[in-house]
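Each chain, letter by letter, is given below.
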Amino acid sequence: MWIIANWKSNKTIAEALDWISQIGPQIPKSEKLRVIVCPTFDALSEVKKAIIVGNFPLLVGAQDLSPFGTGAYTGEEPVQTLSQFIDFVIVGHSERRQNFGETDEMIAKKVVQALDNNITPLVCVQDENTPVPEGCKLVVFEPVFAIGTGNPDTPENADEIAKKLKEKYGDGLEVLYGGSVNSQNVKGFISKPNISGVLVGNASLDAEEFVKICKNCAL
Ligand code: PEP
């Protein structure tokens, strides 16, 4: 079961460390639960350090990465430097597709960068027709209407899309759901047979709410 916190462009380093110190000791220690926090790039180093020092059952991810490696790509974050801190990366979030013109080709290049460097990519798909790049074994179904709106999809529809994705790309593909997940509705999604976890945006910013989400998933 994957529970992924996507902070988007939020939290100073001090706020990030406060969140880690609050939730770290409360995350249920379970083999089945993989809890990942995705801070802004500038907080990655400190967040990673705090997790190691606290020996917390948390992994670190980035919210994006460069489609290129190291070199003359001003402003980009290549996987070779990110991998000092991360095990995981979100790729192709709909906010990046909408606001930064990210295309399926760029997303496929980012997936290659991640896989070549042993980083697990989580590709965001908007429906069963969004292409899943070769080699990608983890996707999140995120209907645009549900992101940041407080208006989630139904667990039944999310499960149906997850099933279609698995039929198309093979049973080895794990499918998560994302879009207005909170501690009240998370169980409805994770109890579905084709859904392997959740990506949480707004509700992950509040440490107490995020702990509740994790505890509800561990039950
Ligand atoms: C997201 O950032 O991917 C997301 C699902 O956001 P929210 O939970 O706020 O809808």
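Please refer to the structure placed before this passage.
The rules we used
- Residues numbered from 1 in each chain as written.
- Predicted model: local features only at pLDDT ≥ 70, side-chain atom pairs only at ≥ 80, totals over all residues.
- Heavy atoms only, no water.
- Helix = DSSP H or I, 4+ residues; strand = E, 2+ residues; numbered from the N terminus.
- Rg over C-alpha atoms; globule rule 2.2 N^0.38 Å.
- Buried < 20%, exposed > 50% of the residue type's maximum accessible area, 1.4 Å probe, protein only.
- Contact = heavy atoms within 4.5 Å.
- Areas by Shrake-Rupley, 256 points an atom, 1.4 Å probe, with all protein chains shown as cover.
- Lys, Arg positive; Asp, Glu negative; His and termini not counted.
- Charge placed at Lys NZ, Arg CZ, Asp CG, Glu CD.
- Phe/Tyr/Trp six-rings, centres within 6.5 Å; stacked < 30°, edge-to-face > 60°.
- Near = heavy atom within 4 Å.
- Polar contact = N/O pair within 3.5 Å; in protein donor to acceptor, adjacent residues only side chain to side chain.
- 1 Å grid on protein atoms, 1.4 Å probe; cavity = no way out; pocket = protein on both sides within 12 Å on 5 of 7 lines; lining within 4 Å.
- Sits in = over half its atoms within 2 Å of the grid points.
- Nonpolar A, V, L, I, M, F, W, Y, C, P; charged D, E, K, R; others polar.
- Points joined across faces, edges and corners; volume = space filled by probe spheres on them.
- Pairing = 2+ DSSP bridges.
- Axes fitted to C-alpha atoms, helices over the stretch in contact; angles between N-to-C directions.

Participant: Hey, could you run me through the overall build of the chain in this one?
Facilitator: Per the secondary structure count, the chain includes eight helices and eight strands. Relative to the globule expectation of 17 Å for 219 residues, the C-alpha radius of gyration of the chain, 16 Å, shows essentially globular dimensions. Principal-axis analysis of the C-alpha atoms gives the chain an extent of 40 × 40 × 30 Å. When burial is assessed residue by residue, the chain has 51% of its 219 residues classed as buried. When contacts within the chain are restricted to residue pairs at least 6 apart in sequence, those whose partners lie at least 24 apart make up 68%. Only carbon and sulfur atoms are counted for the fraction: they give 49% of the accessible area of the chain, which is about 10,000 Å². In the chain, 20 positive and 28 negative side-chain charges are present, and the distance between their average locations comes to 4 Å.

Participant: What exactly am I supposed to notice about the packing of aromatic side chains here?
Facilitator: The description of an aromatic ring pair rests on the distance of the ring centres and on the angle between the ring planes. Within this structure, the stated rule accounts for six aromatic pairs. Summarising the aromatic geometry, the rings of Trp 2 and Phe 88 are spaced 6.1 Å apart at their centres and angled 35 degrees between planes, so their arrangement reads as tilted. Highlighted residues: Trp 2 in strand 1 (residues 2–6) and Phe 88 in strand 4 (residues 88–91), separated in sequence by 86 residues. A centroid spacing of 4.8 Å and a plane angle of 80 degrees characterise the contact between Trp 7 and Trp 19, whose relative ring orientation is edge-to-face.

Participant: Which parts of the structure should I look at to understand the site of the ligand?
Facilitator: By nearness alone, 14 residues border the ligand, and Lys 8, His 93, Glu 142, Gly 148 and Ser 180 come closest of all. Interatomic distance of 2.7 Å between a side-chain N/O atom of His 93 and an oxygen atom of the ligand. A distance of 2.6 Å is found between an oxygen atom of the ligand and a side-chain nitrogen or oxygen belonging to Glu 142. In isolation the ligand offers 290 Å² of accessible surface; the protein chains occlude 99% of this area. Among the detected pockets, the ligand sits in the second largest pocket. For the shell around the ligand, the per-class residue count stands at four nonpolar, eight polar and two charged.

Participant: What am I meant to see in the layout of surface pockets here?
Facilitator: Where empty space is left can be seen by rolling a probe of water-molecule size over the atoms. Its boundaries defined by the atoms lining it, the largest pocket holds a volume of some 440 Å³. Surrounding the largest pocket, 22 residues form its lining, Phe 41, Gln 63, Asp 64, Arg 96 and Phe 100 being those nearest its centre. Top contributing element to the lining of the largest pocket by residue count: helix 4 (residues 94–100), with four residues. Counted by class, the lining of the largest pocket contains seven nonpolar, seven polar and eight charged residues. When its volume is computed, the second largest pocket comes out at roughly 180 Å³. As for the second largest pocket, its lining consists of 18 residues, of which Gly 148, Ser 180, Val 181, Gly 201 and Asn 202 are closest to the centre. When its residues are assigned to classes, the lining of the second largest pocket shows five nonpolar, eleven polar and two charged.

Participant: Whenever I open this one, the sheet that holds strand 5 (residues 120–125) confuses me. Can you help?
Facilitator: Backbone-to-backbone hydrogen bonds pair the strands of a sheet. The strands run either parallel or antiparallel. Taken in spatial order, the eight strands close into a barrel running 1-2-3-4-5-6-7-8, and their pairing is parallel. Geometrically, the sheet is characterised by an average inter-axis angle of 25 degrees between neighbouring strands, direction not taken into account. By the bridge criterion, five bridges tie strand 1 to strand 2 (residues 34–38) in an arrangement that is parallel. For Ile 4, the partnering residue across the bridge sits in strand 2 and is Ile 36. Packing of helix 6 (residues 155–169) onto the sheet brings it into contact with strand 5, strand 6 (138–141) and strand 7 (174–178), and relative to strand 7 it is tilted by some 150 degrees.

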